2 protein chains.
Amino acid sequence: MDILTPKGFLFSAVEAAIKKPGRKDLALIYSEQEAVMAGMFTTSKVKAAPVRLGMQRLRKGKGQAIVINSGNANACTGDQGMKDAKEMTELVANGLGISPQMVNVCSTGVIGTPMPMERVRQKSPLLVDEKGKATVHDLAAAIMTTDTFPKLMSRTIDVRGKEVTITAACKGAGMICPNMATMLCFIMTDARIEATALKAALKEAVMKSFNRITVDGDMSTNDTVLAMANGMAGNTLITERSQAFKSFTQALAEITYELGKMIVRDGEGATKVVDVEVKGAKTEKDAHKAAMTISNSLLVKTAIYGNDSNWGRIMGALGRAGISMKEEKVEISINGVKTVSKGLATGRDEEANEAMKTTEVKLIVDLHLGKGSAKVLTCDLTEEYIKINAEYRT
Amino acid sequence: MDILTPKGFLFSAVEAAIKKPGRKDLALIYSEQEAVMAGMFTTSKVKAAPVRLGMQRLRKGKGQAIVINSGNANACTGDQGMKDAKEMTELVANGLGISPQMVNVCSTGVIGTPMPMERVRQKSPLLVDEKGKATVHDLAAAIMTTDTFPKLMSRTIDVRGKEVTITAACKGAGMICPNMATMLCFIMTDARIEATALKAALKEAVMKSFNRITVDGDMSTNDTVLAMANGMAGNTLITERSQAFKSFTQALAEITYELGKMIVRDGEGATKVVDVEVKGAKTEKDAHKAAMTISNSLLVKTAIYGNDSNWGRIMGALGRAGISMKEEKVEISINGVKTVSKGLATGRDEEANEAMKTTEVKLIVDLHLGKGSAKVLTCDLTEEYIKINAEYRT
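Engineer: I tried to follow the environment of Ala374 of chain B on my own but got confused; where do I start?
Structural biologist: All names here are of chain B. Inspection of the secondary structure assignment puts Ala374 in strand β14 (residues 372-379). Residues Ala374 and Gly319, spaced 55 residues apart in sequence, show a C-alpha to C-alpha distance of 17 Å. Sequence-distant contacts of Ala374, that is, excluding residues within four places in its chain, are made with Arg212, Val276, Glu277, Val278, Glu284, Ala287, His288 and Ala291.

Engineer: Which parts of the structure should I look at to understand the sheet that holds strand β11 (residues 337-341) of chain B?
Structural biologist: The strands making up a sheet associate through hydrogen bonds between their backbones, and the pairing can be parallel or antiparallel. Residues and elements named next belong to chain B. Read from one edge of the open sheet, six strands run β12-β11-β10-β13-β9-β14, paired in mixed fashion. Two strands lie at the open edges of the sheet, namely β12 (344-345) and β14, each paired on one side alone. Lying on the sheet, helix α7 (residues 284-296) is in contact with β9 (273-281), β13 (360-366) and β14; it crosses β14 at an angle near 20°.

Engineer: Is there a simple way to explain the confidence of the model for chain A in this structure?
Structural biologist: Close reading of the predicted structure is inappropriate where its pLDDT is low. Residue and element names in this part refer to chain A. Per-residue confidence for chain A gives a mean pLDDT of 92, with 95% of residues at or over 70. Considering only residues more than four positions removed or in separate chains, one finds that residues 176-180, a stretch of pLDDT under 50, has 32 contacts. Across the assembled chains, the prediction reports ipTM 0.81 with pTM 0.83.

Engineer: So what exactly am I meant to see when it comes to the sheet that holds strand β14 (residues 372-379) of chain A here?
Structural biologist: All names here are of chain A. Spatially, six strands are ordered β12-β11-β10-β13-β9-β14 in an open sheet, and the strand pairing comes out mixed. With one partner strand each, in any of the chains shown, β12 (344-345) and β14 form the two edges of the open sheet. Bridging between strand β11 (residues 337-341) and β12 involves two bridges; their strand directions are antiparallel. Bridge assignment links Ser341 to a residue of β12, and that residue is Leu344.

Engineer: Where do I start with the packing of aromatic side chains in this structure?
Structural biologist: What describes a pair of aromatic rings is the distance from one ring centre to the other and the angle between the planes of the rings. Summed over all chains, the structure comprises zero aromatic pairs over all chains. The ring of Tyr30 of chain A has Lys131 of chain A sitting right over it, with the charged end atom 5.5 Å from the ring centre.

Engineer: Looking at this structure, how should I read a positive patch on the surface?
Structural biologist: Side chains of Lys45 of chain A together with Lys282, Lys285, Lys289, Lys326 and Lys329 of chain B sit close together on the surface and give a patch of like positive charge. Tracing the backbone shows Lys329 of chain B in the loop between α9 (311-319) and β10 (331-334). By relative accessible area, Lys329 of chain B is classed as partly exposed at 34%.

Engineer: What is the right way to read helix α5 (residues 195-207) of chain A from this model?
Structural biologist: For an α-helix, the turn length of 3.6 residues means that residues three or four places apart are oriented alike. All names here are of chain A. If you check α5, its first and last C-alpha atoms are 18 Å apart, about what 13 residues at 1.5 Å a residue would give, namely 18 Å. Along α5, the residues classified as buried are Ala197, Leu198, Ala201, Leu202, Ala205 and Val206. Each buried residue of α5 lies within a common arc of 155° when the element is viewed along its axis, so the set occupies one face. Exposed side chains of α5 directed beyond 90 degrees from the buried face belong to Lys199 and Lys203. The inward-facing, buried residues of α5 contact β2 (26-41), β7 (184-189), β8 (224-229) and α6 (243-265).

Engineer: I tried to follow the pairing of β8 of chain A on my own but got confused; where do I start?
Structural biologist: On a regular strand, each side chain points to the face opposite its neighbour's, so the side chains alternate between the two faces of the sheet. All names here are of chain A. The element β8 is extensively covered by neighbouring structure, given that six of its six residues are classed as buried. Alternating positions in β8 separate into two faces, Thr224, Leu226 and Met228 on one and Val225, Ala227 and Ala229 on the other, with burial throughout. As paired strands, β2 and β8 are joined by six bridges and run antiparallel to one another. By the bridge assignment for β8, Phe41 is matched with Thr224. Pairing analysis gives six bridges linking β7 to β8, with the strands arranged parallel.

Engineer: Looking at this structure, I do not really get the environment of Glu351 of chain A. What am I missing?
Structural biologist: All names here are of chain A. With respect to the helices, strands and loops of the structure, Glu351 is situated in helix α10 (residues 349-355). We classify Glu351 as partly exposed; its relative accessible area is 41%. Along the backbone, Glu351 and Ile334 are 17 residues apart, and their C-alpha atoms lie at a distance of 9.7 Å.

Engineer: I tried to follow unusual backbone geometry on my own but got confused; where do I start?
Structural biologist: Most peptide bonds adopt trans geometry, and most residues besides glycine take a negative phi value. All names here are of chain B. In this structure, Ala17 takes a positive phi of about 50° despite not being glycine. Residue position: Ala17 is located in the loop between β1 (9-14) and β2 (26-41). With a phi close to 45°, Asn74 is a non-glycine residue in the positive phi region. Turning to its location among the elements, Asn74 is positioned in the loop between β3 (62-72) and α2 (78-96).

Conventions used here
- Along each chain, the written sequence defines residue order, and numbers are assigned to residues from 1.
- Written order determines the labels here, with chains lettered from A and ligands numbered from 1.
- Only residues with pLDDT of 70 or above have their local features reported here, since the model is predicted, and side-chain atom pairs are shown and tallied only from 80 upward, although totals for entire chains, interfaces and linings are computed over all residues.
- For the side-chain quantities, the full set of heavy atoms in the structure was used; hydrogens and water were omitted.
- Helical segments are the DSSP runs of H or I of at least four residues, strand segments are the runs of E of at least two, and each set is numbered from the N terminus.
- In what follows, residue pairs with any heavy atoms lying within 4.5 Å of each other are defined as contacts.
- Note on pairing: two strands pair once DSSP finds at least 2 bridges between them.
- Lines fitted to the C-alpha atoms define the axes, with helices restricted to the stretch that makes contact. Angles between their N-to-C directions range from 0 to 180 degrees.
- Per-residue confidence from the predictor is reported as pLDDT, which spans 0 to 100.
- Planes of paired rings set the category: under 30 degrees apart is stacked, over 60 is edge-to-face and the rest tilted, where pairs are Phe, Tyr or Trp rings (Trp by its six-membered ring) whose centres lie within 6.5 Å.
- A ring is scored as having a charge over it whenever the NZ atom of a lysine or the CZ atom of an arginine sits within 6 Å of its centre and within 35 degrees of its normal.
- A patch is a set of surface residues, each over 30% in relative accessible area and not in a salt bridge, joined within 9 Å for like charges and within 5 Å for the nonpolar side chains Val, Leu, Ile, Met, Phe, Trp and Tyr.
- Working definition of accessibility: Shrake-Rupley area with a 1.4 Å probe, residue cover restricted to the visible protein chains.
- For this analysis, a salt bridge means a side-chain nitrogen from Lys or Arg found within 4 Å of a carboxyl oxygen belonging to Asp or Glu.
- Only four residue types enter the charge count, namely Lys and Arg as positive and Asp and Glu as negative; His and the chain termini do not.
- Lysine's charge is taken at NZ, arginine's at CZ, aspartate's at CG and glutamate's at CD.
- With a 1.4 Å probe rolled over the protein chains alone, any residue whose accessible area is under 20% of its type maximum counts as buried; one over 50% counts as exposed, and the rest are partly exposed.
- Take the number of residues in a helix, subtract one, and multiply by 1.5 Å to get its expected span.
- Picture the helix axis, draw a direction to every C-beta atom, and the arc is the one those directions span.

Structure below.
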């Protein structure tokens, strides 16, 4: 699919050798016009300096540039880390001739190592000078760490005759390696939209996408999603009450869902994408809890890797999920083969094992208690995952 | 260490070919005198029939026999499962000439398959006839499933001049394979003790041992700990207020802790036992939550396997544990090497990596916030675990 670039967004990427030389690791997103901005951040209590700074700056709901580095997370770096994050925004702001308040910074990489500010200082003028020389593809490549492929997605919508473009670049290989695999996502759009509407749309999109994927239940200190809307499409202003708000939110949700799927597919060592759907739960919260518990169960994930429709492991996960359930009402199907009905085996395990021999597995659990439902995307767990993560630093 | 047998306990074990022929898979514990009994069971909402039956029968706090089978969990087996569990106790009770109410049943093995009752009926008379022919070692061997070694422990205490023996036989390879690796533990003692005191002692011992071990966070539908005290040591009655209650509880806690350690050491594919201690937490609950989150983090477990003192992963786990914490107060040490002080790297990672090259790893996290502390035992996560669990049924 062709990736479009929304009007007025310029990119650059340079090599600052933040962890080591050999690749572009410092990138810039710049909007020619001031943009409304919204963001969502990791809920971890251990937040990297750029995350804490971003949460402050996003309060006013506007901005014009984002500087991003890979190779160093600037996390667990104390007061110096916060000074460095601020300085990174100042260096770019000075070059661009805008206020540092209009610049955000995102970092991903090793935890606990001070930022090599000397090299960042050296390279920031070049980063600013080269704005417009890089494409959105270059941007997606520069922010990769353990990712095996760049992650981009775009959509256009029509707002009363004006074409609006939404494009997002994302990095993350399933939050399965938090020293390097923070999830960062940058959403750029030329839509004219109210800050509150952008915030609401972003929240809904993230809830239905990034908050519904899990590889190993670990969460990074740096996870960040930022959205910038510069209004250069010239459309009628989108507000929460306008008709276009729905289609905007829908497009945004589709983009983030597709990117989330790419992250799961890129999960280290993964051989299958697993779509876990729990329905018939007493509440939506219960459904989400159950889907998450199944998705994070090592036993379920290893069984899926082994093409083993081991529904006893799914029942086990449901039992300890802390939800309302009645064993005798549970129904489970795997890739369309019903293995459990009314809590009892249907005797179709062999058939299900065969149906699982594919790269996409769809697990449906129906609790037959109420109307709560939820979907979670995850992947299987393989020896390769262990290998990568046991040998990451050694 | 020599394993003692408390007075008045007789054992037998026969081959009933419950899953397949070739080993003894049906065992009996019989006390010559009626015993006071206490039990603790899985908190999973999916409880096997024997668990539900046991919870009912334990209400009166007494019993005289336990029949145990491996090869079939009698879980997710509906009404028939409950009928079968009851019949298993009746078969033994009739042979022994006691009330079925005085018999408990425990099962472990495959989920969702009806019990092969014909073979159980055939073999139950032999099981009763042979009581006294097997040793406690035979018992421990008969209840093994994926265990690689039998798990037994005993202690004696002196109660006003009378020697009291406590012995426990246990099975479990870390709850890492719930179709086969239920944790079952049978505690037998000749102590004279009040039922309420036995219950209190058991609860405390389990809280400090089996409830503090985790291999993969999964929990079985069949987990059961049963304690029988037949009073045949002839000691002064132990009550919750008597001096001997403390030493009895202490001995019981030591036994269950050692057995818990054996389960972790027997965790499938494990190469290291990991002792996670969190102290300085605001509350004990916070400490336990933090220790559990660290212990169940795939990233921490794989790093430990790789001798990698990757404290960023520990900080990451703390951040998402849902506890009170201040990053800038955290202190972490690994096998005596302090890697984090006041939330910042000490630069001693290499030294810590070296110190981890052993089969026992001691992780200490000090949150420096309060007096809450907790310990959890776990093991590392290896390719072998994936292999075993992906290939279990296929």
